[in-house]
Amino acid sequence: MEKIRIFDTTLRDGEQSPGCSMSIDEKLMMAKQLARLGVNTIEAGFANSSQGDFESVQMIGHEVEGPMIVSLARARKDDIDRAAEALRDAKNWGIHTFIASSPLHMKYKLNLEPDAVLKKAIQAVEHARQYTNNVEFSAEDATRSDPAFLVELFSAAVRAGATILNVPDTVGYTMPEEMHQLITRLKNEVYRADEIIFSVHCHNDLGMAVSNSLAALRAGARQVECTVNGIGERAGNAAMEEIVMALNTRQQLYNLDCDVTSEQLFPASRLLTKITGSVVQANKAIVGANAFAHEAGIHQDGVLKHALTYEIMTPQSVGIKTNNLVLGKHSGRHALSDRLETLGFHLEEEELNRVFVDFKRLADRKKEVFDEDLEALVSQGMRVSNDHYVLKSITVSSGTHMIPTATVVMEIDGEIKKEAGFGDGPVDAALNTIRDLTHFDCQLTAYSVKSITGGTDAQGQVSVTIEHNGRTTTGRGADTDIVVASALAFINGINRLSRMPHMHEKSSSKSFQGV
Ligand code: KIV
Ligand code: ZN
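First things first, this report covers the structure right here in the doc. This is a predicted model, so every value here is computed, not measured.

**With respect to the sheet that holds strand β14 (residues 443-451)**
Item 1. One open sheet holds the 3 strands; their spatial order is β14-β15-β16, and the pairing between them is antiparallel. Of all the strands in the sheet, the pair left with one neighbour each is β14 and β16 (471-479). Looking at each pair of strands side by side, their axes are set apart by 15° on average, direction ignored.
Item 2. Sheet contacts for helix α18 (residues 482-499): β14, β15 (460-468) and β16; angle to β16, the most-contacted strand, approximately 145°.

Put into structure tokens, the structure is as follows:
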């Protein structure tokens, strides 16, 4: 069986999608899980887009072993220099440079003639090759480009030193048959095609990202670019878990293999959800809550008689644990750390100590602590450890004959601040007071609360979406008291907003203009 390469862009294309921004620590934690998964390449960010991206690319390059770490760079000297500066001390690294090749993009976005695009591509690849042998070149909007021009552009990139040629379906426009034809043609006509790796990068605007990626593989592409949970610009990118499991489950059809450990797919999906707060729909293939749930009587009966009647893969093969071990107030640190490892959280000593304290506090209030409770505890702590705004205490009074009132104490950039306020209900009072304390004049555009587990002592998980100056983010918080959970979710959203590059840096932008 031939091997294909998995190129993960969760931390770059994925992170560009609304509500999915991550702090440096969160990116590092996710990158370590990607390494555990066994992906071949991690696109850690776009080093020249902001100081934050530069630092996270640099840190991941230093600390994550195994996969090749790359940074995105437009076909510009400054982008390439910055990518190399971030990664030059890393063990295994590369540069991914790109320029748009479709008539629409060249004319309206770049304002360049095809000849000028060709020249810039050559200069970019040659410049990147001065730093590293691992240079990937992408022709943005390749699927809406003139295939003859693509052949010319890719051939020029190979002559300039590119080792991987990437074919992005940037706007998710193409169909599987067309993708198959395009890769076949490129493999036949590009200069020295047999010496380089063809890669594919598909967006999901028409729901075709995974199908198009698989069609490209059948035509001879040997690298797929994808993200965990399929997060990414607009409708997202091809979902890694779907590609990997399609190859595993239909091995006889594809005769292709990859290095990903499928049992790490579900832990990776859960970790990303916990970090970003961006949930996966219940019917999402492979990692959705219903992906392995059989509701219909006929199906349940069939599965009980023989699992293969309605199950094409097992939950265990993607890392879903079916034994939901319950912990309680007598459980020790060892049992906790064991369970956390099983759930995919590999915590350092200090972090484990903190979670243990929170766990004991929760176990005192709640008889049984379930996996979902533990996940909420860890992700909440992960956020708080690098936050500007931290909730210290909150007291809310409300009832049938009084105006709901909240008193909130917060630590803001190391300083303790206190405020009292009113609202239409206890949650409104809490959020108004937090708004006053933080001076974040943001709008709450969505609010939902659900119980993490069953029982009246269950933790409530609150998810909020907030908007500020045209930027949107999500926030999550969990507590046995839903007003406290609401305050935590709102503060989590504010922390995410405050970390967005535009809040601190004038010139940062992840848009691809100005190549
Ligand atoms: O979708 C796209 O075209 C991209 C490129 C930068 C590869 O993300
Ligand atoms: Zn993309």
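**Focus on the pattern of salt bridges**
Item 1. Applying the stated criterion across every chain yields a total of 28 salt bridges.
Item 2. A salt bridge links E2 to R222; the shortest N-O distance between them is 2.8 Å. Separated by 220 residues along the polypeptide, E2 in strand β1 (residues 2-3) and R222 in the loop between α9 (209-218) and β9 (223-226) bring together distant segments of the chain.
Item 3. A relative accessible area of 45% means that E2 is categorised as partly exposed.
Item 4. In the salt-bridge network here, residues are joined through shared partners; they are E351, R354, D358 and R361.

**Describing helix α3 (residues 51-63)**
One full turn of an α-helix is made of 3.6 residues, so residues set three or four places apart face in the same direction.
Item 1. Over its 13 residues, α3 runs 18 Å from end to end, which matches the ideal 18 Å to within 8%, given 1.5 Å per residue.
Item 2. Considered for burial, the residues of α3 that qualify are D53, F54, S56, V57, I60 and G61.
Item 3. Among the structural elements, α1 (10-14), α2 (24-37), β3 (41-45), β4 (68-74) and α4 (77-87) are those in contact with the buried residues of α3.

**A closer look at the pairing of strand β8 (residues 197-202)**
Item 1. The buried fraction of β8 is high, at 5 of 6 residues.
Item 2. Here strand β7 (residues 164-169) pairs with β8 via 6 bridges, running parallel. Bridging across to β8, V167 finds its partner in V200.
Item 3. Crossover connection from β7 via helix α8 (residues 176-189) to parallel β8: handedness right-handed.
Item 4. Pairing of β8 with β9, which is carried by 3 bridges, proceeds in the parallel orientation. Pairing of H201 across the sheet is with E225, part of β9.

What counts, and at which threshold
- Starting from 1, residues in each chain are numbered consecutively following that chain's sequence as written.
- Key to labels: chains lettered from A, ligands numbered from 1, both in the order written.
- In keeping with the model being predicted, local features are shown solely for residues with a pLDDT of at least 70 and side-chain atom pairs are shown and tallied solely at 80 or more, while totals for entire chains, interfaces and linings include all residues.
- The side-chain numbers reported here are obtained from all heavy atoms of the structure, hydrogens and water having been left aside.
- Strands are labelled as partners when DSSP assigns at least two bridges between them.
- Runs of H or I in DSSP of at least four residues are treated as helices and runs of E of at least two as strands, each being numbered from the N terminus.
- Note on geometry: axes are C-alpha line fits, over the in-contact stretch for helices, and angles between N-to-C directions span 0 to 180 degrees.
- Two residues form a contact once any of their heavy atoms are found within 4.5 Å.
- In what follows, salt bridge is the name for a side-chain nitrogen of Lys or Arg lying within 4 Å of a carboxyl oxygen of Asp or Glu.
- Relative accessible area decides the class of each residue, using a 1.4 Å probe on protein chains only: under 20% of the type maximum gives buried, over 50% gives exposed, and in between gives partly exposed.
- Expected span of a helix: the number of residues minus one, times 1.5 Å.
- With the strands pointing away from the viewer, any crossover whose connection runs clockwise from the first strand over the helix to the second is right-handed.

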